[in-house]
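Observations on the model geometry
These are the residues of each chain, in order.
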Amino acid sequence: MVLDTSSDASFVPCSPCSGCASSTFGSLDCSVAQCSQVRGGSSCPATGPEPATCLFNQSYGGDSSLSAALVTDSLTLGNDVVPGFAFGCVRSVSGGSIPPQGLLGLGRGPLSLLSQTGPLYSGVFSYCLPSFRSYYFSGSLKLGPVGQPKSIRTTPLLKNPHRPSLYYVNLTGISVGRVRVPVDPKSLAFDPSTGAGTVIDSGTVITRFVEPVYAAIRDEFRKQVKGPFSSLGAFDTCFGEAAEAPAITLRFEGLNLTLPMENSLIHSSSGTVACLSMAAAPNNVNSVLNVIANLQQQNLRILFDVKNSVVGIARELCN
């Protein structure tokens, strides 16, 4: 399953599945509390002799959506069993962004894995994503406080009532090489009324900054790198691979993270071109949001501790 820290409800494809049987499986109807907790809203008939099955629709990845029934079953993770775990049983999808093998919702909402497991994991988990270029691509997900790194630098975890499922942090500045990029603090500010601010997200690939912040990073990066520059797909600052590139440092409250070069550059398949692997925020509901995405999280242990309201980040070889 795809691990997504910005989604709450987990979902899996429920067909085709010949010979599948689970004695603990059951459908949830419109009368249960979970049905009203699904993001995007459930579709329940206003009248009827008895409660109907809880069906819901959800958009995903900006261009896709799914239709699912809310069901329950025992979830087994390693040696842990979570009885009565509620999740979506996918009936149909449209668009190409829905993970075909399903998704594990690691957000902060009531239907997320953390909320449904309660004291079992105490609101703590961490993951380590290996390099995109790693051969085996075997990172790790650690659930619960046991076995988490003892000494790890942390930054406060913020809660935004406008987008309550997301993990917000306080990004205070960005440096390119030794130059602190000049940005208006308002462009980075956490704003509970609009949903503005910075989130750490495992389910987004490319880090995006609000337009003026991205423009300032890009312009300073171009000043320090020998051009000429070209565009490639979503990236507008591509250059010959032989050119030296400066390191980019993300400055969070209480924690500076200097990105390894593979976390700030992406290379063309031909291997002759490198691009700054960041972009401007899209012109949609996320236009006010800075998103630190998974390309920038390679070979880092990212720890989320909701109980103590901190996010920890440490270098680690994840593979």
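Here the residue numbers are simple positions, counted from 1 along each chain's written sequence. Per-residue local features of the predicted model are confined to residues with pLDDT of at least 70, and side-chain atom pairs are confined, for both listing and counting, to 80 or more; whole-chain, interface and lining totals are unaffected and use all residues. Computation of side-chain values covers all heavy atoms of the structure but excludes hydrogens and water.

Under an unreviewed UniProt entry, the name given to the chain is Peptidase A1 domain-containing protein, and the source organism is Linum tenue. UniProt positions are given in the numbering used here, feature names are shortened, and annotations may be inferred rather than shown by experiment. What UniProt states about the chain under its Sequence similarities (unreviewed entry) heading is, verbatim, "Belongs to the peptidase A1 family."

As paired strands, strand S2 (residues 11-13) and strand S7 (residues 80-94) are joined by three bridges and run parallel to one another. Opposite Phe11, over in S7, you have Gly88 as the bridge partner. Between strand S6 (residues 64-77) and S7, which pair antiparallel in sequence order, lie two residues; one of them, Gly78, sits at a positive phi of approximately 60°. Any two strands are treated as partners once DSSP identifies two or more bridges connecting them. Strands are runs of DSSP state E lasting at least 2 residues, helices are runs of H or I lasting at least 4, and numbering of each runs from the N terminus.

The definition used for a disulfide is geometric: two cysteine sulfur atoms within 2.5 Å. Across all of its chains, the model carries five disulfides by this definition. The side chain of Cys14 participates in a disulfide bridge whose partner is Cys89; the two sulfur atoms lie 1.9 Å from each other. Across the disulfide from Cys14 to Cys89, rotation about the S-S bond amounts to roughly -140°, and the bridge is consequently left-handed. Here Cys14 is found in the loop between S2 and strand S3 (26-27), whereas its partner Cys89 is found in strand S7, with 75 residues between them in sequence. By relative accessible area, Cys14 is classed as partly exposed at 29%. At a sulfur-sulfur separation of 2.0 Å, the disulfide partner of Cys30 is Cys44. The sign of the S-S torsion, about -90°, decides the handedness of the disulfide formed by Cys30 and Cys44: left-handed. Within this pair, whereas Cys30 is found in the loop between S3 and helix H1 (33-36), its partner Cys44 is found in the loop between strand S4 (42-43) and strand S5 (55-60), the two being separated by 14 residues in sequence. Note on classification: 1.4 Å probe, protein chains only; a residue is buried when its accessible area is under 20% of the maximum for its type, exposed when over 50%, partly exposed between these limits. Taking relative accessible area as the criterion, Cys44 reaches 33% and is therefore assigned partly exposed.

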